[in-house]
Amino acid sequence: MKLEHKALLFNFLGFAALFLIARFGIGQFMELPRLYLAIGAAVFATLLAPKFAVVRDAGKEKLMMKWIFMKSPKEL
């Protein structure tokens, strides 16, 4: 599997996990219309999900992860 595909898959999985947790977590405690729950969960997941990218350095490709809770990007 190419690194670009892995980065795309990891971005999706991170977003999807946080989206589902937020969607059902907020829905459990607050009675809001479904559209507002989905929009709020999407914003929450977009801001908190880790970002994965492929970096080309000196002819080598590296998979890097940046997250709001980490100071610097981490190589995977």
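Please refer to the structure higher up on the page.
Attention here is on the structure that accompanies the text.

## Details of the pattern of salt bridges
Stage number 1. Counted according to the given criterion, the structure contains three salt bridges.
Stage number 2. A salt bridge links E4 to R56; its shortest N-O distance comes to 2.8 Å. Of this pair, E4 sits in helix α1 (residues 3-29) while R56 sits in strand β1 (residues 51-57), placing them 52 residues apart in sequence.
Stage number 3. Salt-bridge contacts for E61 lead to R56; the nearest nitrogen and oxygen are separated by 3.2 Å.
Stage number 4. Assessed through its relative accessible area of 39%, E61 is described here as partly exposed.
Stage number 5. Residues joined by salt bridges that share partners form a network here, namely E4, R56 and E61.

## Focus on the packing of aromatic side chains
Where two aromatic rings form a pair, the distance of their centres and the angle of their planes describe that pair.
Stage number 1. Inspection of every chain in the model, using the stated rule, returns three aromatic pairs.
Stage number 2. Ring centres 5.9 Å apart and planes at 20 degrees place the aromatic pair F15 and F19 in the stacked group. A residue pair is termed a helical-turn pair when its members lie 3 or 4 positions apart in one helix, as F15 and F19 do in helix α1 at four residues.
Stage number 3. For F19, a relative accessible area of 22% translates into the label partly exposed.

## Comments concerning the pairing of strand β2 (residues 60-66)
Stage number 1. Both β1 and β2 contribute to a ladder of seven bridges, which runs antiparallel. Bridge assignment links R56 to a residue of β2, and that residue is E61.
Stage number 2. Once β1 ends, the chain turns through two residues before running back antiparallel as β2, passing A58 with a positive phi of about 55 degrees.

About the criteria used
- Note that residues are indexed from 1 along each chain, following the sequence as it is written.
- pLDDT decides what is reported in this predicted model: residues at 70 or higher carry local features, side-chain atom pairs at 80 or more are listed and counted, and totals for whole chains, interfaces and linings draw on all residues regardless.
- Side-chain measures were taken over the full set of non-hydrogen atoms in the model, leaving aside hydrogen atoms and water.
- We define a salt bridge as a contact between a side-chain nitrogen of Lys or Arg and a carboxyl oxygen of Asp or Glu at a distance within 4 Å.
- Strands are runs of DSSP state E lasting at least two residues, helices are runs of H or I lasting at least four, and both sets are numbered from the N terminus onward.
- Accessible area is worked out with a 1.4 Å probe on protein chains only. A residue is then buried under 20% of its type maximum, exposed over 50%, and partly exposed in between.
- Only Phe, Tyr and Trp rings are paired, with Trp represented by its six-membered ring, and only when their centres lie within 6.5 Å; those with planes under 30 degrees apart are stacked, over 60 edge-to-face, the remainder tilted.
- At least two bridges found by DSSP between two strands are what make those strands a pair.

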